[in-house]
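# Secondary and tertiary structure notes
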Amino acid sequence: MDCTRLALALAEAKTREEVMRKALRLLEEAGSIRCGEAYWVGEGLRLFQMQACRTTCSLVGRSRRLAEEAVAQGSPVRADTFLALPVGEPGRRPLAVLVLSLEEGATPPEALAPLLLLALKRAGLGQAARLLRAQEEERRRVGRELHDGVGSLLTTALLTLKVAEKHPEKLPEARNQVAEALEEVRRLSRELRLPLLDDLGLEAALRRYLEEYQKSGLRVEADLQVPPLPKEKEVALFRVLQEALTNVLRHAKARRVRVALWVEEDRLFGAVEDDGVGFDLERTPVSVGLLGMQERIEGLGGSLHLRSAPGEGTRVEFGVPL
């Protein structure tokens, strides 16, 4: 792995979460790891960053124990293809622990721990800046919704109106398109407030949302096991699932969709899977909606995966620390 590239990437990180996210992502891209997790060391260990950890990941059941051993020993712990790497000053309690599932024959660079320590010390983003960043993300999401939804509907209505100038029989169609755009604006307004989420919590709000979603004609299967979560995490997860379900409705031509949320130790996993037409991941450009989902999950310290193939449906899967 190129240590210069790693050092430059970590130098740009503004938070400890971003430090670990960048490091884990670069290790995965370099082919050094299958997946990895990062723990913050305080009075206890707190899992705060995951990278590429899928629901079938073998690291999940062993990660915390290896991290605890690394903290107790103050040195790296190796078990089979797993490595727990403490990050901190020599002779002092580590600041963090990186637990890696290594690719066969791979080893992380020796400079990894020192570079991470330097980056963790430098990273410092105040609460006000975090709030501004969250607000900016919400503005981007609303902009995407307006562009993809309302903007497209109004553009279609405008074109129909132009045709209707010469062909009056097209006027009813144009009226219907304007009415559809208006309903989309109302829907967006309702979703911005998320009153159900405020009143009922994530699980009940999702079940209510899925009841409405099912009216589209899709058969919906739901298996939701949701623990108590901070409100900001509930909002982010709701948005991710909402976007995934909207994509199924718009593009998948599916008959059935399955939504699942479940807990494994101190991780929350989720999946949305449909039996639709699927698509070629290599040939299809990444959509704005998918980028928004990735940003939200990464903002929670997790990672998101997309699996699809023509004729084989689509599965969106994610995992976040609790």
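The rules behind each value
- Residues numbered from 1 in each chain as written.
- Predicted model: local features only at pLDDT ≥ 70, side-chain atom pairs only at ≥ 80, totals over all residues.
- Heavy atoms only, no water.
- Helix = DSSP H or I, 4+ residues; strand = E, 2+ residues; numbered from the N terminus.
- Buried < 20%, exposed > 50% of the residue type's maximum accessible area, 1.4 Å probe, protein only.
- Contact = heavy atoms within 4.5 Å.
- Areas by Shrake-Rupley, 256 points an atom, 1.4 Å probe, with all protein chains shown as cover.
- Salt bridge = Lys/Arg side-chain N within 4 Å of Asp/Glu carboxyl O.
- Axes fitted to C-alpha atoms, helices over the stretch in contact; angles between N-to-C directions.
- Parallel < 35°, antiparallel > 145°, perpendicular 65-115°, else oblique.
- Left-handed = near helix turned anticlockwise from the far one by under 90°.
- Nonpolar A, V, L, I, M, F, W, Y, C, P; charged D, E, K, R; others polar.
- Arc of directions from axis to C-beta.
- Pairing = 2+ DSSP bridges.
- pLDDT = per-residue confidence, 0-100.

## Concerning the overall build of the chain
Broken down by element type, the chain carries 10 helices and 10 strands. Out of the 322 residues in the chain, the part that is buried amounts to 47%. Contacts in the chain between residues far apart in sequence, at least 24 positions, make up 64% of those at least 6 positions apart. Of the roughly 16,800 Å² that the chain leaves accessible, carbon and sulfur atoms contribute 53%.

## A look at the side chain of Ser63
Note on placement: Ser63 falls in helix α3 (residues 63–73). Judged by relative accessible area, which is 0%, Ser63 ranks as buried. Each residue touching Ser63, except ones within four places of it in the same chain, is listed here: Glu37, Tyr39, Val99 and Arg267.

## Concerning the pattern of salt bridges
Going through the model one piece at a time under the given rule, you end up with 24 salt bridges. When the shortest N-O distance is used, the salt bridge between Arg65 and Glu69 registers 3.0 Å. Taken as a pair, Arg65 and Glu69 lie in helix α3 at a separation of four residues, close to a single helical turn. Through salt bridges with shared partners, a single network forms among Glu37, Arg64, Glu265, Asp266 and Arg267.

## Brief notes about the packing of helix α2 (residues 16–29) against helix α4 (residues 112–122)
Across the interface, α2 lies against α4 with an axial gap of 9 Å and an inter-helix angle of 155°. Judged on the interaxial angle alone, α4 and α2 are roughly antiparallel. Viewed along their axes, α2 and α4 form a crossing whose handedness is right-handed. Here Arg16, Val19, Met20, Ala23 and Leu27 of α2 lie close against α4, whose contacting residues are Leu112, Leu116, Ala119 and Leu120. A per-class count over the contact of α2 with α4 returns eight nonpolar, no polar and one charged.

## Section: helix α1 (residues 3–11)
Burial in α1 covers these residues: Leu6, Ala9 and Leu10. Down the axis of α1, the smallest arc covering the buried residues is 95°, so these residues share one side. Facing away from the buried surface of α1 by more than 90 degrees, the exposed residues are Thr4 and Leu8. Here the buried face of α1 lies against α2 and α4.

## Remarks on unusual backbone geometry
The phi angle at Asp80 is positive, at roughly 55°, despite the residue not being glycine. Locating Asp80 in the fold gives a position in the loop between β3 (77–79) and β4 (82–87). The class of Asp80 is exposed, set by a relative accessible area of 60%. Phi is positive for Lys253, close to 55°, though the residue is something other than glycine. Position of Lys253 relative to the elements: it lies in the loop between α9 (231–252) and β7 (256–264). What makes Lys253 exposed here is its relative accessible area of 72%.

## A look at the sheet that holds strand β9 (residues 303–308)
Strand order in the open sheet made by the five strands is β6-β7-β8-β10-β9, with mixed pairing throughout. Sheet topology places β6 (219–224) and β9 at the edges, where each strand pairs with a single neighbour. Between one strand and the next, the sheet's axes are offset by a mean angle of 10°, whatever the strand orientation. Summarising the sheet, β6 and β7 pair through six bridges and their orientation is parallel. Opposite Ala222, over in β7, you have Val259 as the bridge partner. Where helix α8 (residues 202–213) meets the sheet, it contacts β6 and β7, and its direction lies at approximately 175° from that of β6.

## A few points about the confidence of the model for the chain
Summing up the model confidence of the chain, the mean pLDDT is 85 and the portion of residues at 70 or higher is 87%. Across the chain, the secondary-structure element scoring lowest on mean pLDDT is helix α5 (residues 127–164), at 68, and the one scoring highest is strand β8 (residues 267–274), at 95.

## A closer look at the pairing of β8
For β8, the tally of buried residues reaches seven of eight residues, placing the bulk of the element in the interior. As paired strands, β7 and β8 are joined by eight bridges and run antiparallel to one another. Bridge pairing in β8 links Trp262 to Phe269. Connecting β7 to the antiparallel partner β8 that follows it, the hairpin turn spans two residues, and Glu265 within it adopts a positive phi of roughly 55°. Note that β8 and strand β10 (residues 314–321) share eight bridges and pair antiparallel. Within β10, the residue paired with Ala271 across the bridge is Glu317.

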